[in-house]
Amino acid sequence: MSIRGLKKKQPKIFKVKVITMDAEMEFSCEMKWKGKDLFDLVCRALGLRETWFFGLQYAVKGVCAWLKMEKKVLEQEIPKEDPIKFWFLAKFYPEKVEEELLQEITQHLFFLQVKKQILDEEIYCSPEVTVLLASYAVQAKYGDYDPNFHKPGFLAQDELLPKRVVKQYQMTVHMWEEKITAWYAEHRGIARDEAEMNYLKIAQDLAMYGVNYFSIEQNKSHTDLLLGVDAKGIHVYSVNNRFSPNKSFEWSAIRNISYSEKEMEHQRLAREKQLREEAERAKDELERRLFQLEAEARQANEALLHSKETAELLAEKAQIAEEEAKLLAQNAAEAEQERQRLEITALKTKEEKRLMEQKVREAERIAAKLVKESDLRTKETEYLKQDLSEAREAEHRAKQRLLDVTQVSHPHTSRYPQPSPVVCGDLGVEKGCTKFDLRDVDLKRLSLEIERERLDYLEKSKNFEDRLKELKSEIHALKLEGKQKGPISHWNEVFGSLDPTLRRVPSWIKLGEAQGGQAERLQRPFPPCLLNALHSWPCINTNCCAMTGEKCSRTNNSISNNTGAGTRKNIVKVQQRDSDVIYI
């Protein structure tokens, strides 16, 4: 085939430029194509299935018209330009966008068109609603708000509010951005398609939403009117008021519409009605299928949640069982430690009880011994006092006899006063004097016995002192323990813990009970004279503190015997000193 023949067989084409709300597309169309052929090509390019809402619009001499589907493209009054421009726009608006707009691309195209109409003030919107709609538009474009990324000024290049609203208030761009951002931050977690649907649900309640206006000229009154067509019906507006119609006709009340090109338009409307009915049926089927799938998904989700809850419950029970096992093991270990501690405490208590009983018995024995020794020393003291009295009388008689003998032997010397001889402690006279043998043997014997008794007493006192020091320290420790437990409960615990056969109260405690109150007995567990025996000779007075518990006032006793003007004082002196020396 020749090149000329090929040229004849190639179809003639013309270029078309279709502008959507977010893109521009160019197509090569054949000369014989009708408007429906071009429209279907654009819908396939966009992936749009809900085609009945949209159409191709063109402008001729400042008037906008829709491309007819049944007529050839080039036979219509389209602009003579290359390429020919068409706008792919929504021609019919749904009454309820949430129920009728199913495809995501359909929602997106409606969102972009309605947004542009609000910004261009083709749809009136109050300032408060425009700020809310702008926040949903920002959420659809930028996603969730992030203060680290969306810093002040990030909306400077976006057109979000109508110029009328911006000029209406004396607010800066920064102030408007703060208001939009405050709403924008509240939309966290909303997806893009959900944000666009929220935008459309708010916009569909506006008064001028979805209304297509057509000019009407009345020859008689020469007044211009506007015919508005929307999903609810046909409305008549005045040119200066597009908010409230002068008259409205709902689609359910309209029976017949007459206009030019009735036959073709009737077919087109019938075709569109059929397509719409088919679309409604397909929509109902899709909705039914969608509901079924949603129910199945919900059941599956519930089963998944139930299985998750069961698994979580089992895991929680396992964790609780493990914690209970650990707690039981810990309690068992603590119980074992407590048992061991109680056993050790019981052993210590038994040992302390045994030692306490032993100390009490020792204290009773020492107390009884000290009482016995005190009685014995009292009796010995009486005997010594009696012997001392007899010795003094004998000494007095011996001195008297010595004086008489001296006067007989030296009769002339009696006229003159002679110095008195100094009598020594062993009943002798000064050097050079004659010794007399008047009861000398008895005096020496008495002196030896007194010296022996004194030495014996010193030795025993030293032993008693050592033993009583130990007893004092033990009693002091018992007093400290008794202060913590209480003065009365201490002795009750001590004597109450003894064996019944050993619960005999010491004699010195019984003696204290006979003399004073209980508080005084606990404060003075031993008679003071018994404790004073560590540092002094036992008290000579038999009616003193050994029975009454009072402090003896006779700590320094002197016995004087005046034998006359020329005799010395013979002193028996009992002193309470650390050296425990008795001078006679």
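Fair warning: this is a prediction, and the values are worked out from it, not measured in the lab.

Calculation rules
Residues numbered from 1 in each chain as written. Predicted model: local features only at pLDDT ≥ 70, side-chain atom pairs only at ≥ 80, totals over all residues. Heavy atoms only, no water. Phe/Tyr/Trp six-rings, centres within 6.5 Å; stacked < 30°, edge-to-face > 60°. Helix = DSSP H or I, 4+ residues; strand = E, 2+ residues; numbered from the N terminus. Buried < 20%, exposed > 50% of the residue type's maximum accessible area, 1.4 Å probe, protein only. Pairing = 2+ DSSP bridges. Axes fitted to C-alpha atoms, helices over the stretch in contact; angles between N-to-C directions. Contact = heavy atoms within 4.5 Å.

Chemist: What is the right way to look at the packing of aromatic side chains in this model?
Modeler: For any pair of aromatic rings, the description consists of the separation of the ring centres together with the inter-plane angle of the planes. Taken as a whole and assessed by the stated rule, the structure comprises 14 aromatic pairs. Their ring planes at 80° and their centres at 5.5 Å tell us that Y145 and Y184 sit as a pair that is edge-to-face. Of this pair, Y145 sits in the loop between α5 (127–142) and α6 (163–168) while Y184 is found in helix α7 (residues 173–185), placing the two residues 39 residues apart along the sequence. Here Y184 falls in the buried class, since its relative accessible area comes to 0%. An aromatic cluster is defined as three or more aromatic residues linked by ring pairs; in this entry it consists of F39, W52, F53, F54, F88, Y93, F110 and Y209.

Chemist: For this particular structure, what's the right way to read the pairing of strand β8 (residues 233–238)?
Modeler: As a general feature of sheets, a regular strand has side chains that alternate between the two faces. Burial analysis of β8 places 5 of its 6 residues in the buried class, which makes it a mostly covered element. With 5 bridges joining them, strand β7 (residues 224–229) and β8 adopt antiparallel strand pairing. Along β8, the bridge assignment pairs V229 with I234. A loop of 3 residues connects β7 with β8, the two strands running antiparallel in sequence. Both β8 and strand β9 (residues 247–250) contribute to a ladder of 4 bridges, which runs antiparallel. Across the sheet, residue V236 finds its bridge partner in β9, namely K247.

Chemist: What am I meant to see in the sheet that holds strand β2 (residues 24–30) here?
Modeler: One key point about sheets: their strands pair by backbone hydrogen bonds, in either a parallel or an antiparallel sense. Strands sit in the order β2-β1-β5-β3-β4 across an open sheet of 5 strands; the sheet is mixed. Strands at the two margins of the open sheet, each flanked by one partner only, are β2 and β4 (63–66). On average, each strand axis in the sheet is tilted by 35° relative to the strand beside it, whichever way the strands run. With 4 bridges connecting them, strand β1 (residues 13–19) and strand β5 (residues 84–90) associate as parallel partners. For I19, the partnering residue across the bridge sits in β5 and is W87. Helix α2 (residues 35–46) rests against β1, β2, β3 (54–60) and β5 of the sheet, and its axis sits at about 140° to β2. Contacts from helix α4 (residues 104–119) reach β3 and β5 within the one sheet, and its direction differs from that of β5 by about 105°.

Everything listed here is a matter of coordinates, which is why it stays silent on function.
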